[in-house]
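Residue-level structure breakdown
The lines below spell out each chain.
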Amino acid sequence: MAHAAPPSSSASPAAEARAEPQRFGLVVGSNHSLDPSQAALRFADDDAARMAELLTEVGVDVELVTHLDRDSQAMFPTLVGRAHRPDGAGLDDAYADLLERMRKAKQAGRRVELLIYYSGHGDVGPDGQGYLTLDGDKLTRARLFGDLLSRSPADHNHVVIDACRSEQFVLSRGGETKAGSEASASKEWKPDRAEVDLGRSVQEYLDRHHLGGFPNTGVVLAHSADQQTHEWDRYRGGIFTHELLSGLRGGADLNGDGHIEYSELGAFVSAANHGVEDPRARLEVVVRPPADDERHPVLSHGDLDDQRVLLFGPGDRHHYTVEDARGVRLADVRRSGEQPGYLRLPPGDVFVGRSTSPQDRQEAQIPAGQQGVMVAYGLSYVDAPSAARGSLDQAFRRGLFSTPFGPGYYHGYTSRNGLLAVADASWQGPAEGTATTPVARPLEGPEGTAPGTTDGKSRVVIDEATGTITTDDGTVVIARSEDDEDDEDDDGPGRWRGSRPWGGVFLGVPITPFSPRGGFSPSKERLTANDMEACLVPRSGEACQQVRGLDLRWQLFDVRHKARFPRTLGFFRSGYEAGRTTFERSDGFTSGDATRLTYVAVPLWVGGNLYLFDSFPLRPYAGLGFGLDVIRLDYDRFDASRLVDTVVRPGFELHAGLELRITNYVSLTGEIKQQWSARKKIAGVPDLANEGVTIITGVAIGFPLRPGDR
């Protein structure tokens, strides 16, 4: 795709001081097919129109090359008079006009960027060379590189192709077809599941033959297993183009700097397709950023505080859709909730859909007069059921945008594909005003009014000091991270903060590190747990080894927005511990002397841990706890009946350990605990204090407590 954006917020001060580039776009859409056996497309003209509208909205000077059919003319009336015919002459005329304006901008000392977008059919000629279809003509690879790009005066070019067999348009296979052979190279397509890594082969070939000669040019393209261009009535356009538009509107902007980098766009499109199980429908994206600047943005939105923006707060994992008053689907997005996200909104009425499944859908309206930042969670939604049709429709509905996009998916994608990640992937959301001045932004419901307000508007008040968003129908709390208060890297005076509450269940095994001594005198006044032999079934003497019982904990913890793991954790501990010992007397037992003691203790404790790290998985920690032990004491006595007593004893513990937190869903722990316990004298027999040193090993399973958190 051809276009460039201003320097990202992470750029150097010198780069920031440079003037904004003047951007130009060549947008081409053709429904035509040169192959009689290949059906014409229906929505390539709509794809081109939607791309042209978005680019124009962000300040790009666009030349549109397409033929708008009757439905599209009604949908995009302002573009009808601007469009060039999508044939060879129309393409040449449009590019000549762009070249003239680009050269004038260069002569005026401006930096220039060019975006080339194509939607339509792709195919392969008899020589095995790929081409893109125009009306009665072809846009060949040689024409793209040798005519368009070689003459471009732009500092950076960006090419995006939404076409079947688009990889063949940039990957030559001419050497595979002998002269005079009747076999077409198109017969030799390999599915995306083949052993060959298509993305890697594309990169290697482009480096050697084509893009190696254009280090200022980047490419984004997609293909499917059946080598078809997939359109969907629901989008009135190509699947890939819709995903691109969704990402370019801000859905792909991982770090919220207003710049959409290649790695961000590629990861966003990959996530959008990740959940599609039908191989006919699943797209694979190939991303190749400019070699001279791999972090160069594909598109820029500038300062978000000056835009009309739909904001998705931390923890919000709904699938959102955005349409305008014409019914044009502008974007789909589903964030992971790990950090905020946004979509740039066009002027006019906007309709926002929200769903957690294809059967659970709600809608809200943002009226044309509403400007500024609007929180998606705070809109007034009403139910909007809909039905699906056909197998591919079902596959698209179930799979597209079902995988949340966020830092976790992004870093995995860039690592797998060898892409240079953004300089700083963290973002807390847009902010206005100062830390002491709350900013009130109005929201209106679907009817333009909201109960409980005097001006007919539902108010959203953003308090930068506390980091909360308050609406008429509830409060969305996005907590400010205290450790970022003095962060010199913050891009603004106030930033959004979020945290995610989790629960967990820990199952551990307490082990005694000491060998029981035994042989105590029945006249001894006090025994401790360390004096007892560990037994899981102490009365019958079964399973008497080092394992003292079972440690069961219910955990609560909170993961700060910028952290991977919790810094603190609270727990309620229960389970049981058990043991036994025998008594000896050198001069023989007298009536009533204790000969054996068994015990079972059930702890009812609360406590907490403090961890050294919140991002590194191997985490030392320390903590304390207190509570009650319910202890059942069972004495065998000489020449007397058994003595059974149940007592409740208060206690206190200190503990330290090492945790391996694989994810917030699974962690492994090793802990050493020192416990002290009160005792109560029982006449005629030794008393037991459930205190001593214990080693505990176990595993914890975590789960998010707030819907949508992961």
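Here's a quick rundown of the structure. (Residues numbered from 1 in each chain as written. Predicted model: local features only at pLDDT ≥ 70, side-chain atom pairs only at ≥ 80, totals over all residues. Heavy atoms only, no water.)

Across its full length, the protein carries 12 helices and 36 strands. When burial is assessed residue by residue, the protein has 55% of its 710 residues classed as buried. Across the protein, contacts joining residues at least 24 apart in sequence account for 71% of those joining residues at least 6 apart. Total accessible area on the protein is roughly 28,800 Å²; 53% of this is exposed by carbon and sulfur atoms. (Helix = DSSP H or I, 4+ residues; strand = E, 2+ residues; numbered from the N terminus. Buried < 20%, exposed > 50% of the residue type's maximum accessible area, 1.4 Å probe, protein only. Contact = heavy atoms within 4.5 Å. Areas by Shrake-Rupley, 256 points an atom, 1.4 Å probe, with all protein chains shown as cover.)

Next up on the list: the side chain of S152. Looking at the secondary structure, you find S152 in the loop between α6 (141–151) and β7 (156–163). For S152, a relative accessible area of 13% translates into the label buried. Separated by 3.1 Å, the side chain of S152 and the backbone nitrogen of A154 make a polar contact. Residues in contact with S152, not counting those within four places in the same chain, are Y95, L99, L114 and N157. (Polar contact = N/O pair within 3.5 Å; in protein donor to acceptor, adjacent residues only side chain to side chain.)

A few words on the nonpolar core. Among the nonpolar cores identified, the biggest contains 71 residues, and V220, F240 and L310 are the most heavily contacted of them. Filtering out sequence-adjacent residues up to four positions away, F240 remains in contact with V160, I161, D162, V220, L221, A222, V269, L283 and V285. By size, the runner-up hydrophobic cluster in this structure holds 30 residues, among which are L91, L98, L149 and I161. (Core = buried A, V, L, I, M, F, W, Y, C linked by side-chain atoms within 4.5 Å.)

With that out of the way, let us pick up the state of the cysteines. Throughout the structure, instances matching the rule amount to 1 disulfide. Two residues share a disulfide in this structure: C535 and C544, whose sulfurs sit 1.7 Å from each other. With the S-S dihedral at roughly 110 degrees, the linkage between C535 and C544 falls on the right-handed side. The class of C544 is buried, set by a relative accessible area of 15%. (Disulfide = S-S within 2.5 Å.)

Let us look at the sheet that holds strand β17 (residues 341–344). Sheet architecture is open: 3 strands sit in the order β17-β14-β20, paired in mixed fashion. What marks the edges here is a single partner per strand, and that holds for β17 and β20 (373–375). Strand-to-strand twist of the sheet, defined as the mean angle between neighbouring strand axes without regard to direction, takes the value 30 degrees. Direction of pairing for strand β14 (residues 309–312) relative to β17: antiparallel, over a ladder of 4 bridges. Residue pairing in the sheet places L310 in a bridge with L343 of β17. (Pairing = 2+ DSSP bridges. Axes fitted to C-alpha atoms, helices over the stretch in contact; angles between N-to-C directions.)

Packing of helix α5 (residues 88–107) against α6 leaves a shortest axis separation of 10 Å and a crossing angle of 25 degrees. When the axes of α5 and α6 are compared, the pair comes out roughly parallel. On α6, the residues that touch G88, L91, D92, Y95, L99 and R103 of α5 are R143, D147, L148, L149 and R151. For the contact of α5 with α6, the class distribution of residues is 5 nonpolar, 1 polar and 5 charged. (Parallel < 35°, antiparallel > 145°, perpendicular 65-115°, else oblique. Nonpolar A, V, L, I, M, F, W, Y, C, P; charged D, E, K, R; others polar.)

Here the structure, examined in full by the defined rule, presents 29 salt bridges. A salt bridge links E653 to R573; its shortest N-O distance comes to 2.7 Å. Highlighted residues: E653 in strand β33 (residues 640–663) and R573 in strand β30 (residues 568–582), separated in sequence by 80 residues. By the burial criterion, E653 is buried, and R573 matches it. (Salt bridge = Lys/Arg side-chain N within 4 Å of Asp/Glu carboxyl O.)

Our focus in this paragraph is the packing of helix α2 (residues 44–57) against helix α9 (residues 239–251). Following both chains from N to C, one finds α2 and α9 inclined at 10 degrees, their axes separated by 10 Å at the closest point. By the angle between their directions, the pair α2 and α9 is classed as roughly parallel. Listed contacts from α9 to D47, R50, M51, L54 and E57 of α2 are T241, H242, L245, L248 and R249.

Next up on the list: the sheet that holds strand β4 (residues 122–124). Taking strand neighbours across the sheet as the criterion, the 3 strands line up as β4-β5-β6 in an open arrangement whose pairing is antiparallel. At either end of the open sheet lies a strand with only one pairing partner, and these are β4 and β6 (137–140). Along the sheet, successive strands turn relative to each other by an average axial angle of 45 degrees, direction set aside. Across the sheet, α6 is in contact with β5 (130–134) and β6; its angle to β6 comes to roughly 65 degrees.

A few words now on unusual backbone geometry. Even without being a glycine, D639 presents a positive backbone phi close to 55 degrees. Residue classification places D639 among the exposed positions, given a relative accessible area of 63%.

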